[in-house]
Amino acid sequence: MVPMISRRRLGKAICVFAVLAGTQRISVAGGSMAKESSHDPDALQIAYPKTKRGPVVETQFGVSVPDPYRWLEGDPRTDKDAAAWTDAQQSFATKYLSNLPGRDVFRRSLASTFEYVRVGIPQKSGDRYFFTRKVGRQNQPLLVMRDDAGQERVLIDPATWSKDGTIAFEEWRASRDGARVAYAVQDGGSDWRTIRVLDVATGKVTSDVVQWARFTQIAWANDGSGFYYSGYPGPRPGVADAAGLINHAVYFHRIGTPQADDTLFFATPSKPGRLNSAGLTADGRYAIIYSTDDLVHADVSVVDLKQRDHPPRVLIQNATDRWSVIGNVGTKLLLMATKGAERSKIVSVDLAASKSIFIDLVPEQDSHLTGAYIAGDRILAIYFVDAKSEMRRFRLDGSPDGVVDLPGTGMVRAVFGELENREAFFVYASFNQPDTVYRYDVETGQLGAWVEPEIGADLTSITVEQRFFRSKDGTRVPMFIARRKGTVGPVPTLLTGYGAFGSSMPPGYSAMLTPWILHGGAVAIVNTRGGGEYGAAWHEAGRGLKKQNSFDDMIGAAEYLRASKMAPPDGVAIYGDSAGGLMVGAVVNQRPDLFAAALPSVGVMDMLRFDKFTGGALWVGEYGNPAREADFRNLLSYSPYHNVRARKPYPAILVTTADADDRVVPAHSFKYIAALQAADLGPRLLRVDTGAGHGAGKPTAKVIEEAADMLAFAAHWTGLKLR
């Protein structure tokens, strides 16, 4: 795909250890730091809450690595010292943020961009349609059933579960006959799930309770007798919050029986760190099992449920390519595969044959295949054409059959279709169009909105364009830019990206970022290497030892925005969450001069210990193993926590996290902000949400409050003048 570029030398990472080791002047309560931007009219002196330092120093591969804030790895919900420190940081941030002049303006704007009906992709079971619906600023979506007469009934309303909206339902699935719905309950943003079952006819919850589900699908047996799910063995002290997660397995729960009687369906005891999940083909005959070590490459096994006494048939073992099952036509299984096709292709294998022989059905095309679905007697394939969605049709023999005319420049996701059912659904969105469910008649080609969302904001004023720039090594990188129509000259710009795990960032609607555009700013989404916009090679070019490419792409984007005068020299803010938060931290350390503000959210900031917490070991395949010398030196070269540079002209930084995040634990953000504040840099704020996690299931009220703080902070430091 693209060549690897040179990375920063290890010495540059080691030289900043003086900050962590304590040789630089520390800004603590009573200390001060003059602000560094002309946008701050008061030039306030900042006295940070006091942060104690510990003596921890570890030597790895001959390198002494200080970790003075190791004690902040304590869970603030149970550790008194961590809780006191977190409370002090939150009070400090609240006082600062509450005085920002744009906070209330953005809160009102966010209320309007969230003010629309969001309908999820409908699942048809029997003669009933099941779908989620979230109206305006409801904290959590409803689960709704529509019968064949068009009558609707609310089945689940999470608002009745908690006063603050922090209890949500996430994964759900209706049985094939539509008689029951199994749904997973999420509390306080945790990745742990409790699965319950609803009887659709009576509207009552049954006695079935499944606990300790995590990273799960819900797959009903064809006869409705029970469902398959994934989870961990019974509780171990601390497993949810501190330790690595092991022995993930697939179980079958039979309706009306206690969880203790659930059947172990599939496990990998010889590889206890793996994630295992199961889904069923649409006809219910085959169980498809995925088993992964790194969230990217998965082994694939198949169980013919007509022959339960047979062991799983392994189709893909020790996968180095990417495989995912589309569905089946009789005994022929259709899969997407990158084997011999970096941009992916569609293959078939006959399960009736004793030997698995894969035959190319739809060869690799000119663009990246991101998803494929069987609907009616056609395959609907979603391709990225320079990171924009295009839907192409193929017959079941793989021959081309035209394209589906999409509404504009945007993204398609969440397609639902079944063999011999001419009706298909998909969700489409763009910067200037919120998520919209479309119904597509495969036979006639008729396309129309199933639900037309009405929104309280004027999205017709937004225009979207795609630009390309050259990264440090000459690689051509795409970027989407959204601004108000008629915008002339440079305007403050929010720059964002992700660039990890092969995840792509097409131009979709963001209720959080849209107010920035409506107030005259621009939003730029960069499709960095490490993502999946151009296939497997694009991901590999920003993964592991090549991770610096992702950061160079973001740096190149910021340089382009300034050089092309789309953004003023002191008017770029950088934002990202999770792996995107890592990106923000790394890029700001490397090129602080490019940004007026930085907004790293729930970021992975300690790259030498990320594998020690919850499911962090699953990321080793993406980032590298800190216990391996080559990986250690690479991780050390960009780890945000370890590369804070003392007395450099850093941008203003607002770090956001949540106390119940058990995916990227808040300790990452805690240690990072402590290092920033110790380096005599300001303003450096930490905002901690309570009763929230990594993002899924977060109440809308909390989302709006957090977004208002982030946007107001960025506006203040980039000079965005609010309308």
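Everything discussed here concerns the structure shown above.
Residues numbered from 1 in each chain as written. Predicted model: local features only at pLDDT ≥ 70, side-chain atom pairs only at ≥ 80, totals over all residues. Heavy atoms only, no water.

Peer 1: How would you explain the overall build of the chain if you had to name every residue and give the values?
Peer 2: Of regular secondary structure, the chain possesses 12 helices and 39 strands. Radius of gyration (C-alpha) of the chain: 25 Å, near the 27 Å computed for a compact globule of 723 residues. Projecting the C-alpha coordinates of the chain onto the three principal axes gives extents of approximately 70 × 55 × 55 Å. Classification of the 723 residues of the chain by burial places 60% in the buried group. Counted over contacts in the chain with a minimum sequence separation of 6, partners at least 24 positions apart contribute 58%. Total accessible area on the chain stands at roughly 27,200 Å², and carbon and sulfur atoms take up 49% of it. (Helix = DSSP H or I, 4+ residues; strand = E, 2+ residues; numbered from the N terminus. Rg over C-alpha atoms; globule rule 2.2 N^0.38 Å. Buried < 20%, exposed > 50% of the residue type's maximum accessible area, 1.4 Å probe, protein only. Contact = heavy atoms within 4.5 Å. Areas by Shrake-Rupley, 256 points an atom, 1.4 Å probe, with all protein chains shown as cover.)

Peer 1: An account of the pairing of strand β1 (residues 57–60) is needed here, citing residue identities and associated values.
Peer 2: Two strands pair when backbone bridges link them, and β1 and strand β2 (residues 63–66) are joined in this way by four bridges, in the antiparallel orientation. Following the sheet pairing, Val 57 is matched in β2 by Pro 66. Linking β1 to β2, which pair antiparallel, is a turn of two residues; within it Phe 61 sits at a positive phi near 50°. (Pairing = 2+ DSSP bridges.)

Peer 1: Account for the side chain of Asp 262, with residues named and values stated.
Peer 2: Its location among the elements puts Asp 262 in the loop between β14 (249–254) and β15 (263–267). With no salt bridge to any partner, buried Asp 262 finds its closest opposite charge in Arg 254, at an N-O distance of 8.5 Å. There is a polar contact of 2.7 Å between the side chain of Asp 262 and the side chain of His 253. In this view, Asp 262 contacts Val 210, Tyr 229, Phe 252, His 253, Arg 254 and Thr 257; residues no more than four positions away in its chain are not counted. (Lys, Arg positive; Asp, Glu negative; His and termini not counted. Salt bridge = Lys/Arg side-chain N within 4 Å of Asp/Glu carboxyl O. Polar contact = N/O pair within 3.5 Å; in protein donor to acceptor, adjacent residues only side chain to side chain.)

Peer 1: Can you lay out the environment of Ser 430 for me, pointing to particular residues and giving the numbers?
Peer 2: Among the structural elements, Ser 430 can be located in strand β29 (residues 421–430). Sequence-wise, Ser 430 and Pro 506 are 76 residues apart; in three dimensions their C-alpha atoms are separated by 8.4 Å. Discounting chain neighbours no more than four positions away, the residues touching Ser 430 are Thr 409, Gly 410, Pro 507, Gly 508 and Tyr 509. A distance of 2.5 Å separates a polar atom in the side chain of Ser 430 from the backbone oxygen of Thr 409.

Peer 1: Got a sec to walk through the side chain of Asp 304? Specific residues and values, please.
Peer 2: Within the secondary structure, Asp 304 is located in strand β18 (residues 298–304). Residue class for Asp 304 comes out buried when judged on its relative accessible area of 16%. Looking at Asp 304, its side chain comes within polar contact range of the side chain of Arg 285, at 2.9 Å. Excluding its chain neighbours within four sequence positions, the residues that come into contact with Asp 304 are Arg 285 and Tyr 286.

Peer 1: Just give me the short version of the pattern of salt bridges, but keep the residues and values in it.
Peer 2: What the rule picks out here adds up to 51 salt bridges. One salt-bridge network, held together by shared partners, links Glu 58, Asp 67, Arg 70, Glu 73, Asp 606, Arg 609 and Lys 671.

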